[in-house]
Amino acid sequence: MLEIKNLTKIYPDGTRALNNISFKVEDGEFLIIIGLSGSGKSTLLRCINRLIDPTEGTIIFDDQDVTAADGSELRLIRRKIGMIFQHFNLVNRSSVLTNVLAGKLGYINPLSSLMHQFPAEARQEALAALKKVGIDDQKHKRADELSGGQRQRVGIARALMQNPRMVLADEPVASLDPVLAHTILGYIEQLNQENHISVICSLHYLDLVQRYATKVIGLKDGEIVYRGSREDIRSMTDEQFKEIYGQEAERVNAGTLSGGIA
Amino acid sequence: MERTYSPQKASPVNALTAAVLSLLVPGLGQIAALKIRRGLLLFGSFISIAGLLVWRIKNLGRLAEGFWGMLSKAFERNQLFIGFSIAAIAALWIWISFDAARQTRPGKKYGNSIFLLVLLVFFTFGWQVSEINILKLASDANEAWVPLSKILWPWEAAVTRDTDTVEAGAEILIGTEGTPPPVPEFKDNEPYIRAEPNFGDLSSLDKNNEIIPGTKVTLYGENFAPGMKTEIWWSDAIGNEFQPRYQGKYLSTITDETGAFEVKMIMPYRLVPPSARGEQLHTVMARQVSEVGSLKASEPLLLTIELIIETIFMGMMATLFGIILAVPISFLAARNLMSSSPITIAVYYLTRTVLNIIRSIEPLIWALIAVVWVGLGPFAGIVALTIHSIAALGKLYSEAIEGIDPGPIEAIQATGATKLQTIMFAVVPQMVPPFVSFTIYRWDINVRMSTVIGMVGGGGIGFLLVQYIRLLEYRSAGIAVWFIAITVAILDYVSAEIRQRFV
């Protein structure tokens, strides 16, 4: 459903963030991108929905050329791709419900949405999405009153409102307690398996990668240095992991953390 | 803590040479010893102190002949200051020379205590130039007490009663030529006054400005209210009224139980233009003023209330216009919005520079310009405050825009929202708290500024206040001061409340 061909991104200051990246994502896949900070993971995810314009290469999503799309065409593509962020990117002063409803903006009449008017069905849907991530009782609170884990659930509910075909998750658990990592990734996996939404997610912890990925790509200095299937990643050794992450990397045992706080 | 110094270059001159050089030109020895910055700094300090001293000597010793004459006169007028300055400058000179000798020694670093002396001398000059006189604070305190007490408790002037005046007048011929005017006719139940004689000369001034007393006149009054204070007034040939004095006191008397009085007076001094010489009729009057009716608000109180309302509205209107114009400008002055192309960056720098220049000119000065522009009155004040508000708010708003978190913008864009939707959902909510906060802050400033902007003709209560102070009507001025204080206090409270609600 997503095909990336020879993608290159060079920033105005000359940094080559991505260099000739090509890969494919099939329907229902849970693709995890690993790599050090600065290896190009965030740039890659943002190129897919054109939050960042790539310098070269093509991106085909659902048989549409994303790189050639503009204006309303691009917005129609974007609304089919939900996005979850490391720092949640909620509007702190708005209520939880408003933040979730914002996920519907691509679908509704721009004029009435400017006055914060949403159709009744959208509200029903937002409540359902909040219920799904277990925080429907917080709907009237301001977003900045919630804890980190709760905020990321609002982020997931917002992405869910788009009825997406695919979700991009940029280090969704990196600013959370390791304990919460499984909760959040559990919700994302639920989207993947129950709603058949493809997921592209960047992560750091090998344990989490082994637990959730159906396919793994390793990035280093803007180039793909590792490709592996579900089976490959299960048998991945610390040495291979270190090759991607550099010599200093240690295996962080997030899995055991979430399993038992004694 | 241990400090290490980089090895220093050896001094090319010996200690004696450096000392002599610095005696010739202060600082030259240090420069020769390769302590160039120290030498230049000491030279600059010495030269400016010497220049200041010469200026003060010229100032204090003006009118005297020659430098030494000026110096001795200046010393006479302010021995402590001139003596200390000369001693200090001599000490500095010697010390600089001594310091030059020390600086030639390699490896050692000497402190900067020499600059303490320089600072001390500068502060001494500052004290003298700004005419500081602490003793005056105590010795003349009683002078300040009268206006101050009136300003602190002005409420006697806040209320007034209607007055009822009982008055009678009699004409007097000035000069000995011409016919004296007829004596007023006596009528029952009507106040009556007559002057004896009803002609004569006014008091005048001789060549040495000594008063030559005029003709003595006796005034007889009847049919006034009994046992009541009666003021004597004088009206000259063109109708100017004044209350003549006798032995320094305003002339007045108290009527007897039948309502009659008898007052002796000397005809007052009045400057008469040469062209008006000849036969002139003046009028002498007796006047009884009594308060009638109930208390009512006085004119100063009513005027103050009227103008304080004007003041508050001036502040509000200036803030409103300021917001309307500052919002679009603030977008031009926000770096994060304007960094996309060289043209927008140029616009950014231009906007910033203009805003800074406008902001650095005080609203009072803008008011002076606005008064010329649109004339006296509140509109000039509004124009001045608006100009300053645009610059101040433009800067604050643009900094708020620069400070917004790009995360939510990215997130809303990713949902497929349009640009306008992104602004409404991601930008506006982030801007509301700083905008509200800065706007209220500015409203606060504008109302406070509009209380003084009237002093230069910009309308509002400041105009009234400065007028009362110039007329020495301290009670009326006190009413205005109280109203300003109350308004500002209420405003402080209200703005704090609003800010708490919104932010």
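Everything quoted here is computed from the prediction, not taken from an experiment.

## A closer look at the overall build of chain A
- On a plain count of helices and strands, chain A comes out with 11 helices and 10 strands.
- Counting only residues that meet the buried cut, chain A has 45% of its 262 residues in that class.
- Taking the contacts inside chain A whose residues are at least 6 apart along the sequence as the reference set, 69% of them involve residues at least 24 apart.

## Remarks on the overall build of chain B
- Broken down by element type, chain B carries 17 helices and 13 strands.
- The burial tally for chain B puts 31% of its 503 residues in the buried class.
- Across chain B, contacts joining residues at least 24 apart in sequence account for 68% of those joining residues at least 6 apart.

## Brief notes about helix α4 (residues 66-77) of chain B
- Compared with an ideal rise of 1.5 Å per residue, which puts 12 residues at 16 Å, α4 of chain B spans 17 Å between its outermost C-alpha atoms and is within 8% of the ideal.
- Within α4 of chain B, only 1 of the 12 residues are buried, leaving the element largely exposed.

## So, the sheet that holds strand β4 (residues 56-61) of chain A
Residue and element names in this part refer to chain A.
- Judged by pairing direction, the sheet is antiparallel, and its 4 strands sit side by side in the order β2-β1-β4-β5 without closing on themselves. Pairing within the sheet leaves two strands with one partner each, and these edge strands are β2 (16-25) and β5 (64-65).
- Relative to β2, helix α1 (residues 41-48) is tilted by about 60°, and along the sheet it contacts β1 (2-10), β2 and β4.

## Focus on the environment of P181 of chain B
All names here are of chain B.
- For P181, the position within the fold is in the loop between β1 (159-174) and β2 (192-196).
- Judged by the 16 C-beta atoms lying within 10 Å of it, P181 is partly exposed.
- As a C-alpha pair, P181 and A170 span 11 residues in sequence and 8.8 Å in three-dimensional space.

## Re the sheet that holds strand β8 (residues 198-203) of chain A
Residues and elements named next belong to chain A.
- Spatially, β6-β7-β8-β3-β9-β10 is the arrangement adopted by the 6 strands of the open sheet, whose pairing is mixed. Strands at the two margins of the open sheet, each flanked by one partner only, are β6 (81-84) and β10 (223-229). Mean inter-strand twist for the sheet, computed between neighbouring axes without regard to direction, equals 15°.
- Direction of pairing for strand β3 (residues 30-34) relative to β8: parallel, over a ladder of 5 bridges. Bridged to L31 within β8 is I200.

## Thoughts on the packing of helix α9 (residues 299-332) of chain B against helix α17 (residues 474-502) of chain B
Residue and element names in this part refer to chain B.
- At a closest axis distance of 10 Å, the pairing of α9 and α17 adopts a crossing angle of 35°. In the crossing of α9 with α17, the sense of the turn from one axis to the other is right-handed. Facing α9, whose interface residues are P300, L301, T304, I308 and I312, α17 presents S476, I479, A480, F483 and T487.

## A few points about the packing of helix α14 (residues 406-414) of chain B against helix α15 (residues 419-453) of chain B
Residue and element names in this part refer to chain B.
- It is the contact of α14 with α15, at a shortest axis distance of 9 Å, that shows an interaxial angle of 160°. Looking at the two axes, α14 sits roughly antiparallel to α15. Once α14 is placed against α15, the crossing between them reads as right-handed. Contact residues: α14 offers P408, I409, I412 and Q413, while α15 offers Q421, T422, F425, A426, V427 and Q430.
- Partitioning the contact of α14 with α15 into residue classes produces 6 nonpolar, 4 polar and no charged.

## Concerning the nonpolar core
Residue and element names in this part refer to chain A.
- In this structure, I32, V100, A157, V167, I188, V199 and V209 are the most contacted members of the largest nonpolar core, which totals 83 residues.
- At 6 residues, the largest contribution of residues to this core is made by helix α7 (residues 178-194).
- What V209 contacts, discounting residues up to four positions off in sequence, is I32, I34, L203, V216 and I233.

## Brief notes about unusual backbone geometry
- With an omega of -5°, the peptide bond between E196 of chain B and P197 of chain B qualifies as cis.
- Assignment of secondary structure puts P197 of chain B in the loop between β2 and β3 (199-200).
- Here the phi dihedral of R50 of chain A falls at roughly 60°; this positive angle occurs in a residue that is not glycine.
- Structurally, R50 of chain A can be placed in the loop between α1 and β4.

Rules used throughout
Residues numbered from 1 in each chain as written. Chains lettered and ligands numbered in written order. Predicted model: local features only at pLDDT ≥ 70, side-chain atom pairs only at ≥ 80, totals over all residues. Helix = DSSP H or I, 4+ residues; strand = E, 2+ residues; numbered from the N terminus. Buried ≥ 20, exposed ≤ 12 C-beta atoms within 10 Å, placed from the backbone. Contact = placed C-beta atoms within 7 Å. Expected span 1.5 Å × (residues − 1). Pairing = 2+ DSSP bridges. Axes fitted to C-alpha atoms, helices over the stretch in contact; angles between N-to-C directions. Left-handed = near helix turned anticlockwise from the far one by under 90°. Parallel < 35°, antiparallel > 145°, perpendicular 65-115°, else oblique. Nonpolar A, V, L, I, M, F, W, Y, C, P; charged D, E, K, R; others polar. Core = buried A, V, L, I, M, F, W, Y, C linked by C-beta atoms within 7 Å.

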